[in-house]
Amino acid sequence: MFLSFTSHTSPTPPSSPPYYPVLVESMVVFSIVLCVHMAVWTQLSWCCIALAVQAFYVQHKWDRLLRTGAAVFQFRPSANSGVLPASMVLPLLGLALRGRCVTVGNVYFERFAMVITVTGMMLALFLSLIALGITRPVPTNTCVIAGIAASAILYTVKQTLTVSEVIEVLEVLLIFVYLSLILLYLLPRCFTPGEALLILGGISFIINQLIKRSLAGTANANGDPLHFFLPVAAVGCVLLGVFFAVLFLFMESETWSASVFFHLMTAVLGLGLLVPWLSLLTQHHPVAWIFHFLTLSNTRLWLLAYWSILTMVAIAVVLRQNSRRTGSSKKPQASTAVRKYFHLLVVLTFAPGLALDRPLLHLAAVVCLAAFLFLELVRFFRIRPLGAPLRRLLTLFLDERDSGPLILTHIYLLLGVSLPLWLTPGPCTPKGGLGGAGGLVPYAGVLAVGIGDTVASVFGSTVGEIRWPGTKKTFEGTATSVFAQVIAVAIFLIADASINLNASYSWVVGSIAMVAMLEAYTLQIDNLLLPLYLYVLLLL
């Protein structure tokens, strides 16, 4: 199991004002926004700049609400709100995808990318509206700025989207509202406002697209069945978690009868709902299709065997580390060296898959995500027989970001390295593959999290002396992170013939450096933010 890695730190506390890291983080995000704007230069890119400005001001209001405890829900402590970096992910992602679709002339996915951009903007504006509505006294200046930005965005939306596309955006917003009310109540202290916006907004968009595709029925017959497994698995896990979270409010979950009922309902959901749902979407029986898919080549069988060995190694590391736990330690924590193994396993898992068989890696990552989510539900609800052992085994690997009832860092790590692969714009990819820096897009997660974050942690914690102002992160950690990612890019160029950077070396290095600076200053879940921002920059 892949678990998160500690940040590169120096033991001396920072002396700069507490707002300094947030200010630098905001500057890095603004730089990325301007890079995207200069690359695409459309009405929506101007709206992204307006959105970033208003999110910067609203972020301070959210931070004050968190400090005073006036927020409606309980959010993750020891972190700022993260509204600005989270607000810009979906809009920038849509703009970058739209640029690629325009290049190849794919009108349908060009419109789809515009819907992604506008949906991200509406979700961010909704989060801003909540902060301004509950802040007392009413922040007049921030309200004016947010109003001007919202007016510009709404006017542009009126000019660019059709009525059906606007309805689709509103559907996602409605799902987001209800999903946020449910999950933020059931899962206190698991997210910051920005993380909730990014994660729940993404789930809401997936749910809406899945409903839309399901209603289309046989119209999906020409699509690739592989692309339906992720949304069905994600929605299935969400439904299972919400159902049992509500049910176990009224009954004890640790009994054998409750555990048997949990496993029976999981089987009913899987076999009675998810399998028929996949059959409807793919026009194939999922089990038969997967068996045929896995046996198409010997390379896939060898990769599956290799990944099985890595899985056993990960399990062995967890068991061995727990066996060494001393009874006198009240809050044992895994060392930096132990956490390094899991990031190394991520690289060893994904790099060969990306070079040899990306469709197989796509499906394997979906299965792994579904397994992680299911096991986390088992641990959270204390479902027998694995609930109690999982709680004991994973306690060792908790960090300060696991302050809520769920342990999510290993899931974030898997998502971080998988999302660039899942989001690769297949319909907008030329026959020869994405040219220039775009060839590295599927590797964004491996570079930013698997290599960059790991190397920064190791060197920053061992040889780092010069701290970035306002943080415990070190200059040495960031510099070696950038250098290691550049070396990794050179290795990927040799191993993967589909990558051809042409003359974009400087852009790749600059993108890596900007994301490394974001890693040094952000207090959000870097396993999610860093790969997505690097993905956007490489896709331009």
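Residues numbered from 1 in each chain as written. Predicted model: local features only at pLDDT ≥ 70, side-chain atom pairs only at ≥ 80, totals over all residues. Heavy atoms only, no water.

A. Structural context of the environment of glutamate 195. As for its placement among the helices and strands, glutamate 195 is situated in helix α8 (residues 193–216). In contact with glutamate 195, not counting residues within four places along its chain, are Arg76, Cys190, Leu200, Gln524 and Ile525. (Helix = DSSP H or I, 4+ residues; strand = E, 2+ residues; numbered from the N terminus. Contact = heavy atoms within 4.5 Å.)

B. Expanded view of unusual backbone geometry. Geometrically, the link from arginine 136 to proline 137 is a cis peptide bond, its omega value of -5° lying close to zero. With respect to the secondary-structure elements, proline 137 resides in the loop between α5 (107–134) and α6 (140–160). The peptide bond linking arginine 384 to proline 385 adopts the cis configuration, its omega dihedral lying at 5°. Structurally, proline 385 can be placed in the loop between α14 (358–381) and α15 (387–394). One non-glycine residue, tryptophan 41, lies in positive phi territory at about 50°. With respect to the element layout, tryptophan 41 can be found in the loop between α1 (20–40) and α2 (43–68).

C. Spotlight on α2. Between the first and last C-alpha of α2 there are 38 Å, a value that for 26 residues agrees with the 38 Å anticipated at 1.5 Å per step. Count one or two residues on from α2 and you reach glycine 69, which has phi positive near 75°. (Expected span 1.5 Å × (residues − 1).)

D. Expanded view of α6. The end-to-end C-alpha distance of α6 is 30 Å, a good match for the 30 Å that 21 residues give at a rise of 1.5 Å each. Within α6, burial applies to Thr142, Ala146, Ala149, Ala150, Ile153, Thr156, Val157 and Thr160. In an axial view of α6, the angular spread of the buried residues amounts to 130°, which keeps them on one side of the axis. The exposed set on the far side of α6, more than 90 degrees from its buried face, consists of Thr140, Asn141, Ile148, Tyr155 and Lys158. (Buried < 20%, exposed > 50% of the residue type's maximum accessible area, 1.4 Å probe, protein only. Arc of directions from axis to C-beta.)

E. Up close: the state of the cysteines. Enumeration according to the criterion identifies one disulfide in this entry. The disulfide bridge from cysteine 101 ends at cysteine 428, spanning 2.0 Å between sulfur atoms. Measuring handedness by torsion sign, the sulfur bridge of cysteine 101 and cysteine 428 sits at about 85° and is right-handed. On the criterion of sequence distance, the pair formed by cysteine 101 in helix α4 (residues 89–104) and cysteine 428 in the loop between α16 (409–422) and α17 (444–462) is long-range, its members being 327 residues apart. (Disulfide = S-S within 2.5 Å.)

F. Representation of the packing of aromatic side chains. In total, this model carries 23 aromatic pairs according to the counting rule given. Taken together, the ring pairs in this structure connect Phe243, Phe244, Phe248, Phe261, Phe262, Phe374, Phe380 and Phe381 into an aromatic cluster. Sitting over the ring of phenylalanine 293, arginine 300 keeps its end group 4.0 Å from the ring centre. (Phe/Tyr/Trp six-rings, centres within 6.5 Å; stacked < 30°, edge-to-face > 60°. Lys NZ or Arg CZ within 6 Å of the ring centre and 35° of its normal.)

G. Inspection of the layout of surface pockets at higher detail. Quantified by volume, the second largest pocket comes out at close to 1300 Å³. If you go around the second largest pocket, you meet 47 residues; those closest to its centre are Val366, Val367, Cys368, Ala370 and Ala371. Elements represented by at least two residues in the lining of the second largest pocket include exactly α9 (226–247), α10 (256–282), α11 (286–294), α12 (298–323), α13 (336–356), α14 and α15. Per element, the largest residue contribution to the lining of the second largest pocket is 13 residues, and it comes from α14. For the lining of the second largest pocket, a count of residues per class yields 41 nonpolar, six polar and no charged. (1 Å grid on protein atoms, 1.4 Å probe; cavity = no way out; pocket = protein on both sides within 12 Å on 5 of 7 lines; lining within 4 Å. Points joined across faces, edges and corners; volume = space filled by probe spheres on them. Nonpolar A, V, L, I, M, F, W, Y, C, P; charged D, E, K, R; others polar.)

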